[in-house]
Amino acid sequence: VFERTRPSVFRDIFQSRPSTGSAPARPLNILFVSPYSIYPPIHGGAVFMLEAIRELAKRNNLYVLTFVDRPEEVEPNRSLEQVARKVVAYVRRPKHGRHFGLRSHAEETFRDPHFAALLDKFVLLYDIDVIQFEYAQLAQYRLPLEHTPQCLFEHDVYFRSVARQMLSRPGGFFLKAGEF
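First things first, this report covers the structure right here in the doc. (Residues numbered from 1 in each chain as written. Predicted model: local features only at pLDDT ≥ 70, side-chain atom pairs only at ≥ 80, totals over all residues. Heavy atoms only, no water.)

## Thoughts on the overall build of the chain
Here comes step 1: Helix and strand counts for the chain stand at 7 helices and 5 strands.
Here comes step 2: Order of helices (α) and strands (β) in the chain, N terminus to C terminus: α-β-α-β-α-β-α-α-β-β-α-α.
Here comes step 3: Counting only residues that meet the buried cut, the chain has 38% of its 180 residues in that class. (Helix = DSSP H or I, 4+ residues; strand = E, 2+ residues; numbered from the N terminus. Buried < 20%, exposed > 50% of the residue type's maximum accessible area, 1.4 Å probe, protein only.)

## Observations concerning the nonpolar core
Here comes step 1: Counting residues in each nonpolar core, the largest one holds 20 residues, and the members touching the most others are L31, V33, L119 and I131.
Here comes step 2: Sorting the residues of this core by element identifies β1 (29–34), β2 (61–68), β3 (86–91), α5 (113–125) and β4 (130–134) as the ones contributing at least two each.
Here comes step 3: Considering every element that reaches this core, the biggest residue donor is α5, with 4 residues.
Here comes step 4: Residues in contact with I131, not counting those within four places in the same chain, are L31, V33, V123, L143, L145, T148, P149, Q150 and C151.
Here comes step 5: One finds A52, I53, L62 and V64 within the second-largest nonpolar core, a separate group that totals 15 residues. (Core = buried A, V, L, I, M, F, W, Y, C linked by side-chain atoms within 4.5 Å. Contact = heavy atoms within 4.5 Å.)

## A look at the pattern of salt bridges
If charged atoms from side chains of opposite charge come close, those side chains can pair.
Here comes step 1: Evaluated as defined, the whole model comprises 12 salt bridges.
Here comes step 2: Of the charged contacts, one joins E55 and K58 as a salt bridge, the two residues approaching to 2.9 Å between their closest N and O atoms. With a gap of 3 residues between them, E55 and K58 both fall in helix α2 (residues 44–59), about one helical turn apart.
Here comes step 3: Exposure remark for E55: the relative accessible area of 37% places this residue in the partly exposed category.
Here comes step 4: Its relative accessible area of 58% is what places K58 among the exposed residues.
Here comes step 5: By sharing partners, the salt bridges in this structure join R11, R26, D127 and D129 into a single network. (Salt bridge = Lys/Arg side-chain N within 4 Å of Asp/Glu carboxyl O.)

## Points about the sheet that holds β1
Here comes step 1: One open sheet accounts for 5 strands, arranged β3-β2-β1-β4-β5; its pairing is parallel. Looking at which strands have only one partner, the edges of the open sheet turn out to be β3 and β5 (150–153). Strand-to-strand twist of the sheet, defined as the mean angle between neighbouring strand axes without regard to direction, takes the value 15°.
Here comes step 2: Note that β1 and β4 share 4 bridges and pair parallel. Within β4, the position partnered with I30 by the bridge is V130. (Pairing = 2+ DSSP bridges. Axes fitted to C-alpha atoms, helices over the stretch in contact; angles between N-to-C directions.)

Just geometry here; none of it tells us what the structure is for.
Printed below as a string of structure tokens:
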């Protein structure tokens, strides 16, 4: 009952259109959610996400919600509005000290209730048909929706990156072990 008061769940239950099984008569409204700054594309994941955004926006209405690390990254990411309908770059709040918990370091780093609320509102305000989450650390933002597909695209299997880092530098094992 309490879930129905969430904007995204309300939209999913009461406003989503039933699937006809054929191609949609209109472009899809896709919400693209990223944990990292996309523009300028200065790392491999950003290059891949930028190209995905450009391709998706050719045939659909694309909305982008992305974390950025610094306020000066907001404006460059807004330039994505040349291809996307709406872009919101949300400055990630740094976490102070890490306490023992069940969440991974990657998940805890991106945990933010304000970002979750913004994501929830996007689904209602922009009549979102599909949500695409980039990277596994955003899986925590999956919404309790029955009629709106949610996809998770994993660019890099995290434990593989950690293993490479642990083996590639002196003391790497002990440095990375502190993140778990």
